[in-house]
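Descriptive structure summary
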Amino acid sequence: MREITMDTTTPSAPTPSATAPSPTEPSATAATPPVTLAPKRPSAARTRLIDSATRLFYEEGIHAVGVDRIIDEAAVTRATLYKQFGGKENLVLAYLRNEDEMLRAMFAEAGAAVTDPGSLVDAVIDGIAADIRLRHTRGCPFINAAAEYPDAEGAVRQLIDEHREWFRSTLRAVAEGAGLDEPDDVAASLVLLRDAALVGGYLDGEGRVSPAFERTARAVIASHRSL
């Protein structure tokens, strides 16, 4: 017969689990507040390269400006340019993204400053006219770049297409918000007028073109207002 042995030792107190929370410590399962990291700021050298490329590419043309010219203007080394961008085409893309971001910021500022959707249409027209007069005096940077990059499947043209689609859809949203009839047609007309005005402002002078753009754009808006 199997012998049964009884344990006569005094049972010890249970050892606290290593995972049990201390009464004075917060529970390990308590929600931890999310850590918000500040966005990384671009280096000063990268900013100078983009600023120099923006001015030179817009004023003189992309293919007419070599890497050495940009390096000299930005006061950086060739190694810095290639470390930041890997080559000229990526710098071209950065230049166009910078232009895109500035236009988006202009629309955001207009939207923040105007509470009436109907007035936002007028603010957009005013902003485009000011851009023709004061900033883009040598045509549209995207149209200019597209003329130098004929490959419709290339990265530069794809970025340009994305920008133009954003611009067109934004104008459509503005027109729709203002209650205009056929907002797609309004957007298409304003895109066409802006393209023509930017090129015409360079060829004929903003003094002649900017008033014509404003007059024609406001006529388009008036023709699509519900009676």
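Our subject in this report is the structure included herewith. (Residues numbered from 1 in each chain as written. Predicted model: local features only at pLDDT ≥ 70, side-chain atom pairs only at ≥ 80, totals over all residues. Heavy atoms only, no water.)

Before going further, it helps to spend a moment on helix H8 (residues 183-204). The first and last C-alpha atoms of H8 sit 30 Å apart over 22 residues, in line with the 32 Å expected at 1.5 Å per residue. Among all positions of H8, only Pro183, Val186, Ala187, Leu190, Val191, Leu193, Arg194, Asp195, Ala197, Leu198, Gly200 and Gly201 are buried. In this fold, the buried residues of H8 make contact with helix H4 (88-113), helix H5 (117-134), helix H6 (141-148), helix H7 (155-177) and helix H9 (206-223). Downstream of H8 by a residue or two, Gly205 has a phi angle that is positive, lying close to 100 degrees. (Helix = DSSP H or I, 4+ residues; strand = E, 2+ residues; numbered from the N terminus. Expected span 1.5 Å × (residues − 1). Buried < 20%, exposed > 50% of the residue type's maximum accessible area, 1.4 Å probe, protein only. Contact = heavy atoms within 4.5 Å.)

We now examine the environment of Leu134. Mapping Leu134 onto the fold places it in helix H5. The spacing of Leu134 and Glu206 is 72 residues in sequence and 8.8 Å in space, taken between C-alpha atoms.

Here we come to the packing of aromatic side chains. Counted under the stated rule, the structure contains four aromatic pairs. Here a set of aromatic residues connected by ring pairs shows up, and it is made of Phe107, Trp166 and Phe167. Stacked on the ring of Phe167, the Lys or Arg Arg194 has its end atom at 4.8 Å from the ring centre. (Phe/Tyr/Trp six-rings, centres within 6.5 Å; stacked < 30°, edge-to-face > 60°. Lys NZ or Arg CZ within 6 Å of the ring centre and 35° of its normal.)

Across soluble globular proteins, nonpolar side chains have a tendency to be buried as a group. With 58 residues, the main nonpolar core has Phe57, Ile70, Leu96, Phe167, Leu171 and Phe213 as its most contacted residues. Of all the elements, H4 adds the most residues to this core, at nine residues. Among residues more than four places away in sequence, those in contact with Phe57 are Ile62, Val65, Ile70, Lys88, Leu91, Val92 and Tyr95. (Core = buried A, V, L, I, M, F, W, Y, C linked by side-chain atoms within 4.5 Å.)

Further remarks concern the pattern of salt bridges. According to the stated counting rule, one finds 16 salt bridges in the structure shown. Among the salt bridges present, the one from Asp68 reaches Arg78, with a minimum N-O distance of 2.2 Å. With Asp68 in helix H2 (residues 67-74) and Arg78 in helix H3 (residues 78-85), this residue pair connects regions lying ten residues apart in the sequence. Here Glu214 makes a salt bridge to Arg133, at a shortest N to O gap of 3.9 Å. With a gap of 81 residues between them, Glu214 in helix H9 and Arg133 in helix H5 connect regions that are remote in the sequence. Residue Arg133 is classed as partly exposed on the basis of its relative accessible area of 34%. A cluster of three or more residues bridged by salt bridges with shared partners is formed by Arg55, Glu59, Glu60, Arg69 and Glu73. (Salt bridge = Lys/Arg side-chain N within 4 Å of Asp/Glu carboxyl O.)

Glancing now at H2. Every buried residue of H2 is listed here: Val67, Ile70, Ile71 and Ala74. One face of H2 carries all of its buried residues, which in axial projection span an arc of 100 degrees. Contacts made by the buried residues of H2 are with helix H1 (44-60), H3 and H4. Backbone geometry just downstream of H2 places Ala75 in the positive-phi region, at approximately 60 degrees. (Arc of directions from axis to C-beta.)

Our next topic: the environment of Phe167. Within the fold, Phe167 resides in helix H7. Distance in space between the C-alpha atoms of Phe167 and Leu103 is 8.8 Å, their sequence separation being 64 residues. With sequence-adjacent residues up to four places away left out, Phe167 is seen in contact with Leu103, Phe107, Ile128, Val191 and Arg194.

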